[in-house]
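# Fold and geometry: a report
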Amino acid sequence: MDISNKEIEEIVRKVVANMSGDEQDAQPATVATGVVINGKTYHGVFNDMNEAIEAAYQAQRKLRDLSFEEREKFITVARRLIMEEAEEMAKLGVSETGMGRVEHKILKHRYVAMKTPGTEDLVTEAISGDKGLMLLEMAPYGVIGAMTPSTNPSETVLCNSIGMIAGGNTVVFNPHPNALMTSLYAVDLINRAAIEAGLPQNMCCAVAKPTMETSDIMVKHPYIKMLCCTGGPGVVKAMLSSGKKAIGAGAGNPPVIVDETADIAKAGKDIIDGCTFDNNLPCIAEKEVFALEAIADELIHHMIQAGAYLISREQMLELEKVVLVDGKNGKKTINKKWVGRDAKLILKQIGINVGDEIRCVLCEAQEMDHFVQIELMMPILAVVRVPDVDTAIKMAVKAEHGNRHTAHMHSKNIDNLSKFAREVETTIFVKNAPSYAGIGVGGEGHCTFTIAGPTGEGLTSARSFTRKRRCVMVDSFRIV
Ligand code: NAD
């Protein structure tokens, strides 16, 4: 899809301008239904975190009295609005964060609209026996406090909101400051859907200026009964130490193994398609490859055919200096400036000029090289040659760092596939397809942008945001 820079600039000017210097004295004014930023009312958005929580609390008290049918009516409108406004949110996300690709973000929003489960995800269990009837129902937590990433900002807000509201909860977001306007757009969309469906407003709220302080208020507030955190290791650890029920969806570094039984041409293309999706921003995207020596040359050939540009080891070391910086404890970490950028721009930094057809920077690496071990979130892919599948599995498990997030394998040998799946223990394991098949894009299963490995909910949906409540009736309510 062709989207001109001019169109993008137009949207930024209209919606994101308030983030820039000239707008800084224009403080958003609180109105009954949200804040006004740059002439636009953002429903559900508040200047004060305590007010946002209070509003979400009041909305939850109304929501719990509504029928599933009414919740579904809202979800249907939300799905329609997401489809209609997917392009606008995609352009806004790219312009505000400078990361990712518009055409892929459009697709991500469409999948959120089409494949995020609603109330059908809530299933009541019943047991009847000599002693009567037992019902186990999925009940709301109440108000959920959620943190969202800069990598899938509006997608996460929308997907979380549908699932949480389907489960009978309301939600307050403390969005990533680097993707604020994109996130607030999504919060407003959810509120517009509620208004159109005749449901209470403020089922989805956010704070206009999220900071660590507002996050702290959210975490400690007595009305917040559950936390849901989608982001890197720092924020997940902070939420899991809160003493509250928390869903933690953390970092990954998904390895790919390709053995000699795979369809190598397809594997090469699938890996590049997955690795370059939204410029490698998704946490599930292919981050490093372990290829059996016997097929490595052929695989690299097909990756190049699919749009990868192979650089030498010297060039790789030069690129490390661009995209990595010194982090804490003397360890290298990513230079955020290059996260989610186009391969073409990244290559330019080391003096290589290529056209738009190049979508991935490919290099051969050793197991302990930074490009293998660090979660880059850039369209840079390291390939490590390995003598056999057991070595590949050992190295891949190590590179995944125990995140138990996502892994991929291209193989037709079911023993190899099973062995790697068992050893790596990831929440998502994709066989013979691009990584995005794991979240329902071109694969079976529902879509989510909150994949909770550390806390075990897996690919979250409405049921993840519920608590089980039992009701028993003794000696009655049986029909046999
Ligand atoms: P990030 O960790 O920089 O930020 C996430 C949110 O947490 C932001 O709102 C940020 O302001 C806040 N935050 C950061 N540290 C905090 C702390 N100590 N206390 C309170 N709040 C804090 O995330 P990002 O860079 O936008 O996203 C990228 C990371 O998120 C990657 O590691 C990626 O793998 C991961 N991710 C995981 C999933 C998943 O479903 N498992 C989905 C998307 C992204």
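Bear in mind that the values here come from a model prediction, so they are computed numbers and not experimental data. (Residues numbered from 1 in each chain as written. Predicted model: local features only at pLDDT ≥ 70, side-chain atom pairs only at ≥ 80, totals over all residues. Heavy atoms only, no water.)

Looking only at helices and strands, the protein features 15 helices and 23 strands. At 23 Å, the protein has a C-alpha radius of gyration in line with the 23 Å of a compact globule built from 480 residues. Seen through its principal axes, the protein has C-alpha atoms that stretch 70 × 65 × 45 Å. Within the protein, buried positions represent 56% of all 480 residues. The long-range share in the protein, meaning contacts at least 24 apart out of those at least 6 apart in sequence, stands at 73%. With an accessible surface of roughly 20300 Å², the protein has 51% of that area assigned to carbon and sulfur atoms. Side-chain charges of the protein comprise 53 positive and 61 negative groups, with the mean position of each set lying 5 Å from the other. (Helix = DSSP H or I, 4+ residues; strand = E, 2+ residues; numbered from the N terminus. Rg over C-alpha atoms; globule rule 2.2 N^0.38 Å. Buried < 20%, exposed > 50% of the residue type's maximum accessible area, 1.4 Å probe, protein only. Contact = heavy atoms within 4.5 Å. Areas by Shrake-Rupley, 256 points an atom, 1.4 Å probe, with all protein chains shown as cover. Lys, Arg positive; Asp, Glu negative; His and termini not counted. Charge placed at Lys NZ, Arg CZ, Asp CG, Glu CD.)

All right, on to the domain arrangement of the protein then. The assigned domain composition of the protein is domain 1 (5-11 + 27-250 + 459-467) and domain 2 (255-441). Using C-alpha coordinates to define each centre, domain 1 is positioned 31 Å away from domain 2. Taken together, the two surfaces of domain 1 and domain 2 that pack against each other cover about 1400 Å², and 58% of this comes from carbon and sulfur. The interface formed by domain 1 and domain 2 contains three salt bridges. The salt bridge partner of Lys 105 is Asp 278, with a shortest N-O separation of 3.0 Å. At the junction of domain 1 with domain 2, the criterion picks out ten residue pairs in polar contact (both at pLDDT 80 or more). The greatest single-element share of the side of domain 1 that touches domain 2, amounting to six residues, is contributed by helix 4 (residues 102-115). Residue composition of the side of domain 1 that touches domain 2, grouped by class: four nonpolar, seven polar and four charged. (Domains from an automatic or database assignment. Buried area = accessible area lost by both parts, 1.4 Å probe. Salt bridge = Lys/Arg side-chain N within 4 Å of Asp/Glu carboxyl O. Polar contact = N/O pair within 3.5 Å; in protein donor to acceptor, adjacent residues only side chain to side chain. Nonpolar A, V, L, I, M, F, W, Y, C, P; charged D, E, K, R; others polar.)

For the rest of this paragraph, the subject is the nonpolar core. Within the largest apolar cluster, 66 residues are counted, with the highest numbers of intra-cluster contacts made by Val 258, Val 289, Phe 290, Met 303, Leu 319, Val 323 and Phe 371. Apart from residues lying up to four places away in sequence, Phe 371 is in contact with Lys 287, Glu 288, Met 316, Leu 319, Glu 320, Val 323, Leu 324, Cys 363, Leu 376, Ile 380 and Ala 382. Residues Ile 190, Ile 428, Cys 447 and Ile 451 belong to the second largest nonpolar core, which totals 64 residues. (Core = buried A, V, L, I, M, F, W, Y, C linked by side-chain atoms within 4.5 Å.)

Time to look at the sheet that holds strand 11 (residues 246-249). Taking strand neighbours across the sheet as the criterion, the six strands line up as 4-9-8-7-10-11 in an open arrangement whose pairing is parallel. In the strand order of this sheet, the two ends are held by strand 4 (45-46) and strand 11, each with one partner. Bridge count between strand 10 (residues 224-230) and strand 11: four bridges; the pairing is parallel. Bridged to Cys 229 within strand 11 is Gly 248. Sheet strands touched by helix 5 (residues 153-166): strand 7 (143-147), strand 8 (170-174), strand 9 (204-207) and strand 10. Its angle to strand 8, the strand with the most contacts, is close to 160°. (Pairing = 2+ DSSP bridges. Axes fitted to C-alpha atoms, helices over the stretch in contact; angles between N-to-C directions.)

If you check the shell around the ligand, you find 31 residues, and the closest are Ser 150, Gly 232, Gly 250, Glu 375 and Ile 451. Between the ligand and the protein, one listed contact pairs an oxygen atom with a backbone N or O atom of Gly 232 at 2.8 Å. Protein coverage of the free-state accessible area of the ligand, which is 850 Å², stands at 86%. Broken down by element, the residue count for the shell around the ligand peaks at four residues, all from helix 8 (residues 233-240). A domain-level breakdown of the shell around the ligand finds at least three residues from each of domain 1 (5-11 + 27-250 + 459-467) and domain 2 (255-441). (Near = heavy atom within 4 Å.)

UniProt records the feature "domain: Aldehyde dehydrogenase" (unreviewed entry) for residues 42-435 in the present numbering. Counted over residues 42-435, helix gives 45% and strand 21%. Its end C-alpha atoms are 34 Å apart. (UniProt positions renumbered as here; feature names shortened; annotations may be inferred.)

What follows covers the packing of helix 3 (residues 68-97) against helix 5. For the pair helix 3 and helix 5, interaxial distance at closest approach is 11 Å and the crossing angle is 175°. Taken together, the axes of helix 3 and helix 5 are roughly antiparallel relative to one another. Mapping the contact onto sequence places Arg 71, Phe 74, Ile 75, Ile 82 and Met 89 in helix 3 and Ser 154, Leu 158, Ile 162, Ile 165 and Ala 166 in helix 5. (Parallel < 35°, antiparallel > 145°, perpendicular 65-115°, else oblique.)

So, about helix 7 (residues 212-220). Burial in helix 7 covers these residues: Thr 214, Ser 215, Met 218 and Val 219. Buried residues of helix 7, viewed axially, fall in a sector of 140°; they line one side. What points out from helix 7, more than 90 degrees from its buried face, is the exposed set Glu 213 and Lys 220. Against the buried residues of helix 7 lie helix 2 (49-63), strand 7, strand 8, strand 9, strand 10 and helix 8. Put simply, Thr 211 is the residue that caps the front of helix 7, since its side-chain oxygen is 3.2 Å from the backbone nitrogen of Glu 213. (Arc of directions from axis to C-beta.)

Time to look at the sheet that holds strand 18 (residues 380-386). One open sheet accounts for seven strands, arranged 14-17-18-13-12-19-20; its pairing is parallel. Strand pairing shows two members of the sheet lacking a second neighbour, strand 14 (308-311) and strand 20 (428-431), which therefore form its edges. Pairwise comparison of adjacent strand axes, ignoring direction, gives a mean angle of 25° for this sheet.

For the rest of this paragraph, the subject is empty space enclosed by the protein. For the structure on display, the rule yields two cavities of 30 Å³ or more. Here the largest cavity defines a volume of roughly 40 Å³. Forming the boundary of the largest cavity are Asn 152, Pro 282, Cys 283, Ile 284, Ile 439, Thr 448, Phe 449 and Ile 451. Classifying every residue of the lining of the largest cavity gives six nonpolar, two polar and no charged. Around the second largest cavity, the lining residues are Thr 116, Cys 159, Asn 160, Gly 163, Thr 448, Thr 460, Ser 461, Ala 462 and Phe 465. (1 Å grid on protein atoms, 1.4 Å probe; cavity = no way out; pocket = protein on both sides within 12 Å on 5 of 7 lines; lining within 4 Å. Points joined across faces, edges and corners; volume = space filled by probe spheres on them.)

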